[in-house]
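A look at the structure
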Amino acid sequence: MHDLASRLRALPPSCGPVRLVGVDGHAGSGKSTFAGRLAAELGGAPVLHLDDIATHEQFFDWTGRLLAQVLEPLGRGETAYYTPYDWRARRFGPPHALPPAPVLLVEGVGAGRRALRPYLAGLLWMDLPCEASWARGRLRDGPEQSSFWAGWVRAERAHFTGDPSRPYADFLVRQSPQGYEVLPMPSASPGPDQVCRSE
């Protein structure tokens, strides 16, 4: 993790003065936990969770909101203000400030999507196959969220079929009982996106 943090700090800025780093992967693959640990290794780097940008009605159709509220202001070197979505209340909350920082992590399903890649200094992919990731997510959320997960899996599968992230990742992140292994992305490597396309 220390070596990865050093590499990220050394990258050139990609969004105004910010080195924007995406952490993508299937739902349940451990993105939030990993991003939190990486942020700590980076000395408290801010983390933008795409769960705060997505909504019940727009699991993946949130690019315009992210660009307008976050990426365009940061690109000008300004503090961004985004309105986090409250998944329980089903409405947006008050604006949340996100000042420019040397490194800013964007974690969530779709963080490496086509429209965002030009703004990214680097992209990490949590390398856990879709079915294993979704099983972890269902276990975490409990049976009361089973209908949500059924809709989510269909939407995520459709998203990655049309706009895969893994082939464009700079690093693969694999979790083990000993911690995390970060590997350079091999070129033309098949992975969970491709595996899940035909299911």
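Look above for the structure.
Residues numbered from 1 in each chain as written. Predicted model: local features only at pLDDT ≥ 70, side-chain atom pairs only at ≥ 80, totals over all residues. Heavy atoms only, no water.

**Here's the deal with the sheet that holds strand β9 (residues 171-176)**
Test applied: Only strands that DSSP links by at least two bridges are regarded as paired with each other. Secondary structure elements follow DSSP: runs of H or I no shorter than four residues count as helices, runs of E no shorter than two count as strands, and numbering proceeds from the N terminus. Geometry is summarised by axes, namely lines fitted to C-alpha atoms with helices restricted to the contacting stretch, and by angles between N-to-C directions that run from 0 to 180 degrees. The contact rule is simple, with two residues in contact once any of their heavy atoms fall within 4.5 Å.
In spatial order, the strands read β2-β7-β1-β8-β9-β10; together these six strands make up an open sheet with mixed pairing. With one partner strand each, in any of the chains shown, β2 (47-49) and β10 (179-184) form the two edges of the open sheet. The average angle at which neighbouring strand axes cross in this sheet is 25°, direction not considered. Across the sheet, helix α2 (residues 31-41) lies against β1 (19-24), β2, β7 (103-107), β8 (122-126), β9 and β10, angled at about 170° from β7, the strand it touches most.

**A short note on the pattern of salt bridges**
Operational definition: Salt-bridge detection follows one rule: a side-chain nitrogen of Lys or Arg within 4 Å of a carboxyl oxygen of Asp or Glu.
Counted by the stated rule, this structure contains six salt bridges. A salt bridge links Arg 117 to Asp 163; the shortest N-O distance between them is 4.0 Å. A residue pair is termed long-range when its members are at least 10 positions apart, and Arg 117 in the loop between β7 and β8 and Asp 163 in the loop between α5 (146-162) and β9 qualify at 46 residues. Members of the salt-bridge network, linked through shared partners, are Arg 114, Arg 117 and Asp 163.

**Points about the pairing of β7**
Defined as follows: Three labels apply to residues, based on accessible area from a 1.4 Å probe with only protein chains included: buried if under 20% of the type maximum, exposed if over 50%, partly exposed otherwise in between.
With five of five residues buried, β7 lies mostly within the body of the structure. Neither face of β7 is left uncovered, since the one carrying Val 103, Leu 105 and Glu 107 and the one carrying Leu 104 and Val 106 both have all their residues buried. In the sheet, β1 pairs with β7 via five bridges, with the strands oriented parallel. Paired with Val 23 across the strands is Glu 107, a residue of β7. In the sheet, β2 pairs with β7 via three bridges, with the strands oriented parallel. Counted as the bridge partner of His 49 is Glu 107 from β7.

**Points about the packing of helix α4 (residues 130-141) against α5**
Where we set the bar: Reported orientations rely on four angle classes, namely roughly parallel under 35 degrees, roughly antiparallel over 145, roughly perpendicular from 65 to 115, and oblique for the rest. Helix crossings fall into two classes, left-handed where the near helix is turned counterclockwise from the far one by less than a right angle and right-handed where it is turned clockwise. For this scheme, ten residues count as nonpolar: Ala, Val, Leu, Ile, Met, Phe, Trp, Tyr, Cys and Pro. Four count as charged, namely Asp, Glu, Lys and Arg, and the remainder, Gly too, count as polar.
Two elements in contact, α4 and α5, have axes separated by 11 Å at closest approach and are oriented at 150°. Our classification of the angle between α4 and α5 gives roughly antiparallel. As α4 runs across α5, the sense of the crossing is right-handed. Where α4 approaches α5, its residues Trp 134, Gly 137, Arg 138, Arg 140 and Asp 141 are matched on the opposing element by Trp 149, Val 153, Glu 156 and Arg 157. Of the residues that constitute the contact of α4 with α5, the class distribution is three nonpolar, one polar and five charged.

**Thoughts on α2**
Our working definition: What the arc covers is the set of directions going from the helix axis to the C-beta atoms.
Among all positions of α2, only Lys 31, Phe 34, Ala 35, Leu 38 and Ala 39 are buried. Summarising the axial view, the buried residues of α2 lie within an arc of 135°, below the 170-degree limit, and thus occupy one face.

**A closer look at the packing of aromatic side chains**
For the record, the criterion: We call Phe, Tyr and Trp rings a pair once their centres come within 6.5 Å, taking the six-membered ring for Trp, and we label the pair stacked below 30 degrees between planes, edge-to-face above 60, and tilted otherwise. Only Lys NZ and Arg CZ are tested; either one counts as a charge over a ring when it is within 6 Å of the ring centre and within 35 degrees of the ring normal.
Applying the stated rule across the entire model yields ten aromatic pairs. Taking the centre distance of 5.5 Å and the plane angle of 75° together, the rings of Phe 59 and Phe 148 count as edge-to-face. Of the two residues, Phe 59 sits in the loop between β2 and α3 (63-75) while Phe 148 sits in helix α5, which places them 89 residues apart along the sequence. For the pair Tyr 85 and Phe 92, a centre-to-centre distance of 5.4 Å together with 65° between the ring planes defines the contact as edge-to-face. Judged by relative accessible area, which is 38%, Phe 92 ranks as partly exposed. A network of ring pairs unites the aromatic residues Phe 59, Phe 60, Tyr 85, Trp 87, Phe 92, Phe 148 and Trp 152 as a single cluster. Lying across the ring of Tyr 168, Arg 117 places its NZ or CZ 3.7 Å from the centre.

**Details of the nonpolar core**
To keep things clear, this is the line we draw: We call a set of buried residues a nonpolar core when its members are Ala, Val, Leu, Ile, Met, Phe, Trp, Tyr or Cys and they connect through side-chain atoms within 4.5 Å of each other.
Grouped together as the largest cluster of nonpolar side chains are 36 residues, with contacts concentrated most on Leu 48, Trp 62, Leu 66, Val 70, Leu 71 and Leu 104. Where this core is concerned, the elements lending two or more residues are α3, β3 (80-82), β7, β8, α4 and α5. With five residues, α3 is the single largest residue contributor to this core. Leu 4, Val 21, Ala 39 and Leu 124 belong to the second-largest nonpolar core, a separate cluster that totals 18 residues.

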